[in-house]
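# Breakdown of the fold
Here are the chains, one letter per residue:
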Amino acid sequence: MSLPRLLDDLAVNTVEWTARQIRKRVPYSPSNQFLEGPYAPVREERTETALRVTGNIPPELNGLYARIGPNPMQVENPAAYHWFTGDGMVHGIRLQDGKALDYRNRWVGTRAVNRKLGRPTIDGSGPFDVVNTNIIGHGGRLWALVEGGPTPAELDSELNTVKRGLFDSGLHKGYSAHPHRDPVTGDLHAICYSVAAPNRIHHVVTNSQCQITHITPIPVSHGPMVHDCAITASKVVVMDFPVTLTPLDFLKGSPFPYRWNEKHGARVGLLPKQGDASQMRWFEVEPCYVFHTGNAVDRADGGIVMDVVVHDRVFGNSAQDLGQSPVTLERWTLDPQRRDVQRQLLNDRQQEFPRYDERRTGQDYRYLYTVGFDTTTPSPQPLFRHDLHTGTVQEHHYGQHGLSGEVVFVPRNANSAEEDGWLLSYVYDLEKERSDLVILNAQDVGGEPQAIVHLPVRVPLGFHGNWIADGAMN
Ligand SMILES: [Fe+2]
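Notes on the structure follow. What you see is a predicted model; the values in this text were computed from it and never measured. (Residues numbered from 1 in each chain as written. Predicted model: local features only at pLDDT ≥ 70, side-chain atom pairs only at ≥ 80, totals over all residues.)

## Some details on the overall build of the protein chain
Condition: Per the convention used, a helix needs a DSSP run of H or I reaching at least four residues, while a strand needs a run of E reaching at least two, with both numbered from the N terminus. Radius of gyration here uses only the C-alpha atoms, and the compact-globule reference equals 2.2 Å multiplied by the residue count raised to the power 0.38. Three exposure classes are used. Buried residues have 20 or more other C-beta atoms within 10 Å of their own C-beta, exposed residues have 12 or fewer, and partly exposed residues fall in between, all C-beta atoms being placed from the backbone. For every residue pair, C-beta atoms are placed from the backbone, and the pair is scored as a contact if these atoms sit within 7 Å.
For the protein chain, the helix and strand inventory stands at three helices and 33 strands. Over its C-alpha atoms the protein chain spans a radius of gyration of 21 Å, differing by no more than 12% from the 23 Å that the globule rule assigns to 474 residues. Here the C-alpha coordinates of the protein chain stretch approximately 60 × 60 × 45 Å along the principal axes. By residue count, 46% of the 474 residues in the protein chain fall in the buried class. A sequence separation of at least 24 residues applies to 56% of the contacts in the protein chain between residues at least 6 apart.

## Quick look at the sheet that holds strand 9 (residues 161-164)
Our working rule: One requirement defines pairing of two strands: DSSP has to find at least two bridges between them. Axes here mean lines fitted to C-alpha atoms, for a helix over just the part in contact, with angles spanning 0 to 180 degrees between N-to-C directions.
Taken in spatial order, the four strands of this open sheet run 6-7-8-9, and their pairing is antiparallel. On the outer flanks of this sheet lie strand 6 (134-138) and strand 9, each paired with one strand and no other. Neighbour-to-neighbour, the strand axes of this sheet turn through a mean angle of 30 degrees, independent of strand direction. Strand direction decides the pairing type here: strand 8 (residues 153-155) and strand 9, joined by three bridges, are antiparallel. Note that in strand 9 the partner of Leu155 across the bridge is Thr161.

## Some points on the environment of Ala469
Residue position: Ala469 is located in strand 33 (residues 465-469). In sequence terms Ala469 and Gln96 are 373 residues apart; their C-alpha atoms lie 10.0 Å from each other.

## What to know about the sheet that holds strand 25 (residues 367-372)
Reading across from one edge, 24-25-26-27 is the order of the four strands in this open sheet, with antiparallel pairing throughout. Both outer strands of the open sheet, strand 24 (351-355) and strand 27 (392-396), are each paired with one neighbouring strand and no more. Averaged over all neighbouring strand pairs, the angle between strand axes comes to 25 degrees, with direction disregarded. One ladder, built from three bridges, connects strand 24 with strand 25; its direction is antiparallel. Bridge pairing in strand 25 links Gln351 to Gly372.

## Concerning the pairing of strand 22 (residues 327-335)
Here eight bridges tie strand 21 (residues 304-311) to strand 22, and the two strands are oriented antiparallel to one another. Within the sheet, the bridge partner assigned to Met306 lies in strand 22 and is Trp332. Summarising the sheet, strand 22 and strand 23 (residues 340-347) pair through seven bridges and their orientation is antiparallel. In the strand pairing of strand 23, Leu334 is matched with Val341. Between strand 22 and strand 23, which follow one another and run antiparallel, lie four residues, and Arg339 among them has a positive phi close to 60 degrees.

## Here we look at the pairing of strand 3 (residues 63-70)
Remember that side chains alternate between the two faces of the sheet whenever the strand is regular. The buried count for strand 3 comes to eight of eight residues, which makes it a mostly enclosed element. Where strand 3 and strand 33 come together, five bridges link them in antiparallel fashion. Bridged to Tyr65 within strand 33 is Trp467. Where strand 3 lies against strand 4 (residues 88-96), eight bridges are found, and the strand directions are antiparallel. The residue of strand 4 that forms the bridge with Ile68 is Val90.

## Points about the nonpolar core
Filter applied, for reference: We call a set of buried Ala, Val, Leu, Ile, Met, Phe, Trp, Tyr and Cys residues a nonpolar core when their C-beta atoms link them within 7 Å.
Val90, Ala144, Val237, Tyr369, Leu423, Leu424 and Leu437 are the most contacted members of the largest nonpolar core, which totals 120 residues. With six residues, the top contributor of residues to this core is strand 30 (residues 421-429). Val237 has contacts with Cys229, Ala230, Ile231, Val268, Leu270, Ala296, Ile304 and Met306, leaving out every residue within four places of it along the chain.

## Some details on unusual backbone geometry
Its identity as a non-glycine residue notwithstanding, Asp97 has a phi of 50 degrees, on the positive side. Among the structural elements, Asp97 can be located in the loop between strand 4 and strand 5 (99-107). Classification of Asp97 as exposed rests on a count of 10 C-beta atoms within 10 Å. Phi angles above zero are rare outside glycine, and Leu159 is one such case at about 70 degrees. Within the secondary structure layout, Leu159 lies in the loop between strand 8 and strand 9. Residue classification places Leu159 among the buried residues on the basis of 24 C-beta atoms within 10 Å.

## A closer look at the environment of Glu395
Topologically, Glu395 is positioned in strand 27. The contact partners of Glu395, leaving out residues within four places of it in the chain, are Pro382, Leu383, Phe384 and Gly446.

## Topic: the environment of Glu284
Tracing the backbone shows Glu284 in strand 19 (residues 281-285). For Glu284, a count of 13 C-beta atoms within 10 Å gives the class partly exposed. C-alpha of Glu284 to C-alpha of Val268: the two residues are 16 residues apart in sequence and 6.5 Å apart in space. The residues touching Glu284, leaving out its near neighbours within four places in the chain, are Gly265, Arg267 and Asp340.

Next comes the structure, spelled out in structure tokens:
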């Protein structure tokens, strides 16, 4: 091993050892809801073939449905565990010619995971190295993503981690879990922040060859947690909301040092796609938090309209305080004359994980899909299909015990209409403690599923996933 590598290992190990000692200050408790029931981690990596299928898998679906989430390898004190910080695990099902070829799950090969599994360390991983939030196809390759500091992880087609880094830039810098692809240029746009740099965030553009073509810093204060962004045809939408870094919490043993901050305002910024911070226009909004956006479109007056899932307040009482306030779907209009955000309630059901036909990113669209959301008590949750033209909502209920995670829309083909395709999600059966891949026909969401792939395993509730079509991962 080289001297720089040894010194790097020593520094990382020292930081991790210190963090472990600090977390030992938290009084032990054997319970944590995010380690139990449908959240409980699985203990092994598996590859399963001969999967049982009900219904007919559409022959147009040739590719990989991959989804990622936290699956901690080892938790010494459940009271000191936070859902957002568990080691990442990817679950993937390959579909081809109307058949389910196989299912596999693999931990993302971060430093700590590879050490525990006896696998070699991959260059580019650092302390607090967890990659657990999203998995995308880009540049014909597969990337697992997280925010706040750790670099993306490239996976091969069998979900093994093969590389770390900010795509092919040669930089070992953190990224975001929620880039948005411009359907016209193929560029990925992301707003990135780092725990280590609380006074700025960055707009990062990655082209379809995985090269970074534009990085621009944006000054902020207090170290805001910026989970998502949005793009229109001409702009990037930047969200600066009052969940900010609290180093003191970390020193008290919290693995997730972010809390609601009454002193931090809430604002939404518009930045030209190739612009810099001097061109930024900010719009004030009442304090709230948005993890996830739907689509956003330009207005003729220079403003925008975007759809968002709004949490009234998060991490107020503690870093574990998630989902105990109303979580609703709203349409926000940013008006350059008024310089404010006009909020319109679209639907008041508790819901999260908005997705839509991403061929329409930045353009007018009609259908938005969300799922019911309640982290306080695991319970069956439906899909909501919002028709934004008529204001109507259709639901799909996944049986008496079925709890769906995020739903991904897959178009029938490149030229099919917006509603012509399928909705894929992992659905957790709370009674059987097993999961299925459920495929719905997007034009008949209230009807019987198009197909169900029955898995012999649990897929714990997690975060985000995507469909990566064969030969078209960009
Ligand atoms: Fe997210």
